[in-house]
Amino acid sequence: MALLKISEPGKSPMPHQFKRAVGIDLGTTNSLVATVPPGKSPHVIVDAQGDALLPSVVHYAEDQINLVGQPALDMSIADPHNTLASFKRWMGRSIDDIQSDDSYDYVRPDAVDGSPDASKASALVAVHTRAGAVTAVEASAEVLKNLAARAESALGGQLQGAVITVPAYFDDAQRQATKDAAMLAGVNVLRLINEPTAAAVAYGLDKADDRYIAVYDLGGGTFDVSILQLSEGVFEVLATGGNAALGGDDFDRAIADWVLAQAAVSAADLGPSAYRQLLQESRAAKQALSEHRAVGLAVAGNGVDWAGELSRQQFEELIDGLVEQTLAGCKVSLADADLVPSDIGDVVMVGGSTRVPRVREKVALLFGQEPKIDVDPDQVVALGAAIQADMLVGNNQERELLLLDVLPLSLGIETMGGLVEKIIHRNTSIPCTRGQEFTTYKDGQTALALHVLQGERERVADCRSLARFELRGIPAMVAGAAHIQVTFDVDANGMLEVSACETNTGVAASIKVQPSYGLAESQITAMLQASHQFARDDLEVRALIEQRIEAESLLDAVQAALQADRHLLDASEVQRIDSAITELAAAAKQDEVVSIKDAIARLGHQTEAFAARRMNQSIKQALQGRHIDAIADPVQDD
Ligand code: ADP
Ligand code: MG
């Protein structure tokens, strides 16, 4: 495996040489920025009010001055149509992506195609606001601008760059969208790193002995679990999993629903505004229950008036099913990584919802150990990113680490018969480079159409098309003589470049794949599920297609031979071969692998003598005029 080392130049980080670098956790609910001051430990940078968390919310105001963070969140009830929240969920997503995905029902119904050219496959989701159609990239840029400005005023000058974190499952498109947002915000991206890896770095685990690490991240609206392998200071993401539609917001809703049940009313009775009020109160109650044994709750409005108390134990009963779902996700990822809970050396807790004591308890039970909670679960990702940024700009020469990520889905190339040949398998660590040799199918073929695909299934139709390109100018050769080396190169940010080179001639072509906006996590999950479910069918289909291709090329070869050298056969031989041809052609049209195989064998058998005579003849021709002694053994007369 190709490991790219990141090491910093060996300069002593004198204070005056200190380069301003930050780590940014661009979260679904909240975002943060952190830095490592010279000679100190990392810390988050707070705003003028002393707040570290910036709600990832943007309000497009009438006076065209956009509000970001808490002031924007405060507008979400009064002016919901011009307030964007949770937009990370549709980062790098097209309308097509989200329409085929149930977990996207939180995208506003007025979501539109954000591309100026609606026919483009890469059209991004956007929502209407008074500032026009706004994409997640643009809204994220507002958040990044706000955090960068906060950091620049705290650090007293322009930033050299930022490390921005993304979920480990983010695909090419989502990572690219994140980079685009940074570009829009004028923030130089030193690197994108995975959230779980950043969290492990914040705990200093890169300096620990080799071990497996589970990172359990329960935020506001999402749950992510990642299994990392630490080996000699190098992190590798072995597996990722989770649920893009499960988080602390669901705990809030569970409490709100409980209150409605107690008050014997429905959300409709309450009306949207009072219901939103109730949700906010439920959230406050939930957070208080992390510290207290019971809290008071009240609901009022539209003729409803109820007040009561919720105990921690009642709350735990309300959320136990949800917590169980996260544990099931952990088990899947463990299995994906081929591990059992007792293999895990450390469990790192990330995300505000891991403050819920019940969550900690259940996670401890699953892994048979106390999870790590010392570093603030809200800040841990940003702190790890700051450490990484500090290292990347060369401020820290003692710390050297290697961050490896993982591909969420396999990448491959279309081959004959609409099959996909996987070049890099899912869960492979990145950066990585893998190559495979292909050849031409027809005599005299001078161009090769390369089709790059993503997915686990065997057939092109069941995978996702990422890109197509052509390798032209291959000199005419007989089928199978060209050697085309196809190389897939995935960089540390998860961006794919595919290149193809005919090795005899050096003719080459390549393409950078910036896939038309990508896949939702749930789509990835669906594709993985489908690949398991259909694995047997797929293998059968593959076997059938392969037999058909073999049949076709044998038929082509025999027909060409007959045309050239029919005179080497007598009438009965021609007749036997003809009938074997007819039989094979008919079998190839049916779906029976075995009968195609048999027919191939029979035609092969009928043409054995013919092939030998042809070979003999061509050798005789080649040797014409030379001494008979030069003829080697296999060339005997039959
Ligand atoms: P994200 O990663 O989605 O941006 P965060 O990690 O910031 O989200 O987590 C936000 C969630 O954490 C919210 O649902 C919030 O209510 C919850 N949360 C924050 N503090 C507490 C607490 N003390 N107890 C329980 N939940 C909390
Ligand atoms: Mg988070």
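Attention here is on the structure that accompanies the text. Note that this is a predicted model, so its numbers are computed, not measured.

### A word on the overall build of the chain
Then step 1. Counting its regular elements, the chain contains 16 helices and 28 strands.
Then step 2. Put simply, the chain has 638 residues, and 52% of those count as buried.
Then step 3. Looking at the chain as shown, the accessible area adds up to about 28900 Å², and 50% of this sits on carbon and sulfur atoms.

### Some details on the environment of Val137
Then step 1. For Val137, the position within the fold is in helix α3 (residues 136-155).
Then step 2. Its relative accessible area of 6% is what places Val137 among the buried residues.
Then step 3. Counting along the chain gives 12 residues from Val137 to Val125, while the straight-line C-alpha distance between them is 9.6 Å.

### Some details on unusual backbone geometry
Then step 1. Phi is positive for Ser86, which is not a glycine, with a value near 55°.
Then step 2. Here Ser86 lies in the loop between β7 (83-85) and α2 (95-99).
Then step 3. With a phi angle near 55°, Ala264 is a residue other than glycine that sits in the positive phi range.
Then step 4. Inspection of the secondary structure puts Ala264 in the loop between α6 (248-262) and α7 (267-270).

### Observations concerning helix α4 (residues 172-185)
Then step 1. Helix length check: α4, at 14 residues, gives a terminal C-alpha distance of 20 Å against a target of 20 Å (1.5 Å per residue), a fit within 8%.
Then step 2. Taken across its 14 residues, α4 has 10 buried, putting it largely inside the fold.
Then step 3. Listing the buried residues of α4 in full gives Asp172, Ala173, Gln174, Arg175, Gln176, Ala177, Thr178, Ala181, Ala182 and Ala185.
Then step 4. At the C-terminal side of α4, Gly186 shows a positive phi close to 75°.

### Things to note about the pairing of strand β9 (residues 125-129)
Then step 1. Summarising burial for β9: 4 of the 5 residues are buried, a large majority.
Then step 2. Bridge count for β9 against strand β10 (residues 132-135) is 4 bridges, and the pairing is antiparallel. Directly across from His128, in β10, lies its bridge partner Ala133.
Then step 3. From the end of β9 to the start of β10, which pair antiparallel, there are 2 residues.

Thresholds applied
Residues numbered from 1 in each chain as written. Chains lettered and ligands numbered in written order. Predicted model: local features only at pLDDT ≥ 70, side-chain atom pairs only at ≥ 80, totals over all residues. Heavy atoms only, no water. Helix = DSSP H or I, 4+ residues; strand = E, 2+ residues; numbered from the N terminus. Buried < 20%, exposed > 50% of the residue type's maximum accessible area, 1.4 Å probe, protein only. Areas by Shrake-Rupley, 256 points an atom, 1.4 Å probe, with all protein chains shown as cover. Expected span 1.5 Å × (residues − 1). Pairing = 2+ DSSP bridges.

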